[in-house]
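# Notes for the structure review
Now for the letters of each chain:
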Amino acid sequence: QLQGSGRSLFIVLGALANAATAFLPPHGAISLRATQHLRGSHAGRNACISLPHMSSDSGESGKSSSGSSQSVLSVLCPLLKLVANDDPTAPRNKAFETATTGFSSMARLPWGSEVSPVAAGRALKPAQPIRLYEFEACPFCRRVRETATYLDLELEVYPCPKGSELHRQVVQELGGKETFPFLVDPNHDSTMYESGDIVKYLFSKYGEGAEMQPYFLESTLLSGWVPTLLRAGRGMSRYEKASPAPQLMLQLYSYENNQFCRLVREALCELELPYTLINAGKGSIAGREALKTLSGATRCPYLVDPNTDSQISDSEDIMQYLFKTYTVA
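These notes cover the structure that comes with them. Each chain carries its own residue numbering, running from 1 in the direction its sequence is written. It should be noted that, the model being predicted, local features are given only for residues of pLDDT at least 70 and side-chain atom pairs only at 80 or more, the latter also being counted only at that level, while totals for whole chains, interfaces and linings use all residues. By convention in this description, side-chain values take in all heavy atoms of the structure and omit both hydrogens and water.

## Focus on the environment of Phe 182
Helix and strand assignments follow DSSP, with helices taken as H or I runs no shorter than four residues and strands as E runs no shorter than two, numbered in order from the N terminus. Within the fold, Phe 182 resides in strand S8 (residues 182–185). Along the backbone, Phe 182 and Arg 131 are 51 residues apart, and their C-alpha atoms lie at a distance of 8.4 Å.

## Section: the layout of surface pockets
Empty space within the second largest pocket amounts to approximately 390 Å³. A cavity here means a set of 1 Å grid points, computed over protein atoms only, where a 1.4 Å probe fits but cannot escape. A pocket is an open set with protein on both sides within 12 Å along at least 5 of 7 lines, and lining residues have an atom within 4 Å of a point. Considering the residues around the second largest pocket, the lining is formed by 16 residues, among which Arg 92, Glu 97, Glu 316, Met 319 and Gln 320 are closest to the centre. Counting residues per element, the ones that place at least two in the lining of the second largest pocket are helix H3 (94–108), helix H10 (259–270) and helix H12 (315–325). For the lining of the second largest pocket, the leading source of residues is H12, giving 5 residues. Three classes are used, and their members are as follows: Ala, Val, Leu, Ile, Met, Phe, Trp, Tyr, Cys and Pro are nonpolar, Asp, Glu, Lys and Arg are charged, and the others, Gly among them, are polar. Looking at side-chain class alone, the lining of the second largest pocket contains 7 nonpolar, 4 polar and 5 charged residues. Grid points are joined across faces, edges and corners, and a volume is the space filled by probe spheres set on the points.

## Focus: the side chain of Glu 97
Here Glu 97 lies in helix H3. Buried means the residue's accessible area, taken with a 1.4 Å probe over protein chains only, is under 20% of the maximum for its type, while exposed means over 50%, and partly exposed covers the values in between. For Glu 97, a relative accessible area of 12% puts it in the buried group. Polar contacts, as counted here, are pairs of nitrogen or oxygen atoms within 3.5 Å of one another; within protein the pair requires one atom able to donate a hydrogen and one able to accept it, and residues that are adjacent in sequence qualify only if both atoms are side-chain atoms. A distance of 3.0 Å separates polar atoms of two side chains, one belonging to Glu 97 and the other to Arg 92. By the convention used here, residues are in contact when the closest approach between their heavy atoms is within 4.5 Å. Residues contacting Glu 97, with those up to four places away along its chain left out, are Arg 92, Arg 231 and Leu 263.

Encoded structure:
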């Protein structure tokens, strides 16, 4: 049964799809910054989502250098709230959760599951952690996380949900605007916005010669929104009872398109908890070997919290632990 009696998920999702089509702007607070439309050979290769800090829960909009335009999220957010419970700690229907996150993964196949054999053979990981500022529900942030899975890259993830009390300010200070995703790579003294640029950068610096999967960038414009819609905006907004971040970063063994890893990442985002993302996709060498050494298996997700000396393997148990440990009364 959906949250709230009498609400139909399919009616709302249909409205969401229509809204996304009707209000998708060429520039603006949510923008597909592409030099050509989807029919072009480079479609969708430079896209990101700008989410200005808003005081209202009714939606988000903003201005770009080309003028003001209506944000897709200004339409999606109110509609998503019809099926989303504002309290992520409330009891959830397990079958419904499994179905929606499962269909979300199916929509993004084959991306975000497998690791490039070439990249998996990387001799050494980057000397300094690569930092990614993003939020789980953003389809263009998802594009970067899928790339990290494919390249078997370890990232420090700093969630920037709506209502962020910390990480959005950092992005503003470092880059001058609250646009996501935002990458910081101290190994090459690089910072950048634009998901397409970030993807190409990661391939050039850390791909070990691996080639980008065909139609990967273009696919975000077609099915990248599906997880956001099916998950009804989970991983979009900061939970009002989230406690300050702990002293030590959590560690999550995960890969992007695993349906149960998604549930954990949503929780981490809603709690604005920074964490080290250790990718352990299919074909991973470094990530899976580390996970097997730690847990005796290669099952994802797997959470390590050095603040409480805890290690947890089941997604439902991880979520319960996170909301119990990192919320205030």
